[in-house]
Amino acid sequence: ARNEIHNYLLKDKEALQKLSERKEVEKYFHKLSNKIQSQFRKNPIDYDSSGSCGIMVLIIGNQCYIINLGDSRAVIGAVNATSQKVAYQMSIDHKPNRPEEKERIEKNGGFIAIESPNSMGPYRVYSKNDEGPGLAVSRSFGDLFGHTVGVSHIPEVSYKLLDDTDMFIIIGSDGIWDVMNSAEVVGFIFEKIEKEPLWTRQRIVEELVSECRYRWEQINMYKERV
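Parameters and conventions
Residues numbered from 1 in each chain as written. Predicted model: local features only at pLDDT ≥ 70, side-chain atom pairs only at ≥ 80, totals over all residues. Heavy atoms only, no water. Patch = residues over 30% accessible without salt bridge, like charges linked within 9 Å, V, L, I, M, F, W, Y side chains within 5 Å. Areas by Shrake-Rupley, 256 points an atom, 1.4 Å probe, with all protein chains shown as cover. Salt bridge = Lys/Arg side-chain N within 4 Å of Asp/Glu carboxyl O. Helix = DSSP H or I, 4+ residues; strand = E, 2+ residues; numbered from the N terminus. Pairing = 2+ DSSP bridges. Axes fitted to C-alpha atoms, helices over the stretch in contact; angles between N-to-C directions. Polar contact = N/O pair within 3.5 Å; in protein donor to acceptor, adjacent residues only side chain to side chain. Contact = heavy atoms within 4.5 Å. Core = buried A, V, L, I, M, F, W, Y, C linked by side-chain atoms within 4.5 Å. Buried < 20%, exposed > 50% of the residue type's maximum accessible area, 1.4 Å probe, protein only.

**Considering a nonpolar patch on the surface**
A contiguous nonpolar surface patch, about 290 Å² in accessible area, is contributed by V57, I59, I169 and I171. Every element with two or more residues in the nonpolar patch is listed here: β2 (54-60) and β11 (166-172). Considering the arrangement of structural elements, one finds I169 in strand β11.

**Considering the pairing of strand β7 (residues 123-127)**
Sheet analysis places strand β6 (residues 110-114) next to β7, joined by five bridges and oriented antiparallel. Its bridge partner lying in β7, A113 is registered against R124. Relative to strand β8 (residues 133-135), β7 runs antiparallel, the two being bridged by two bridges. Residue pairing in the sheet places V125 in a bridge with L135 of β8. Hairpin remark: β7 followed by β8, antiparallel, with five residues in the connecting loop.

**Description of the sheet that holds β6**
Overall, antiparallel pairing links the three strands, which are arranged β6-β7-β8 in an open sheet. Whereas interior strands pair on both sides, the edge strands pair on one side only; in this sheet they are β6 and β8. Looking at each pair of strands side by side, their axes are set apart by 30° on average, direction ignored.

**Some thoughts on the side chain of Q63**
Mapped onto the fold, Q63 is located in strand β3 (residues 63-69). Polar side-chain contacts of Q63 include one of 3.1 Å to the side chain of Y65. Look past the residues within four positions of Q63 in its chain and what remains in contact with it is S20, L58, Y159, K160 and L161.

**A closer look at the nonpolar core**
Core analysis: the largest hydrophobic core is formed by 19 residues, its most contacted members being F29 and L58. Listed by contribution, the elements that provide at least two residues to this core are α1 (2-11), α3 (22-41), β2 and β3. Per element, the largest residue contribution to this core is six residues, and it comes from α3. In this structure, V179, M180, F190 and C212 belong to the second largest nonpolar core, which totals 15 residues.

**A short note on the sheet that holds strand β5 (residues 85-89)**
Read across the sheet, three strands follow the order β5-β4-β11 without closing on themselves; strand pairing throughout is antiparallel. Strand pairing shows two members of the sheet lacking a second neighbour, β5 and β11, which therefore form its edges. Here the strands of the sheet are splayed against their neighbours by 25° on average, with no regard to which way each runs. Pairing of strand β4 (residues 73-79) with β11 involves six bridges; the strand directions are antiparallel. Following the sheet pairing, A74 is matched in β11 by I171. Sheet contacts for helix α8 (residues 182-195): β4, β5 and β11; angle to β4, the most-contacted strand, approximately 50°.

Structure below.
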């Protein structure tokens, strides 16, 4: 998925720079997502139960578009007029229990459930006629079984006009957002920038990942004790 998207974007670089409205961006990336999903369909044995979320950031001048499907997330860290640190969550996670996502899945022969009544796990997508697919997202590339019961490969597009108060954009998978919320992540990054001014962006991201891994370990230890 990554390689195919990269190739399409390079090929269409000049056309992308001419996009000026959100509807045009949506139309382009809906078409692109259809092309990517069609590649997965050519290999049903490999991708029946395998797939990927996807999130992209497109910046044209000072226009920022977030293109998302799945439970990865993009967040802008900003400093407002009163010097407060602000987190602008630019995408909404495609979790199966989101009302509009659940409605689409149920209309297509699926249902949403937690694995077991005492489980601490996420809501998952199941077929009414099968035990699977047990998918924890409502939109993705691939995952052909899930797509037969309402999982979608069409992304949502959000938009923000960037200005001087916007300092950075962080994108990450659910491994980040399941243990830290958007405000925590933005606060974490600002703290590192202020305390460690010589650190590179790469070093800050590595520290963030390390913190999230530590939190995952604590959660798993708690589950084992319970």
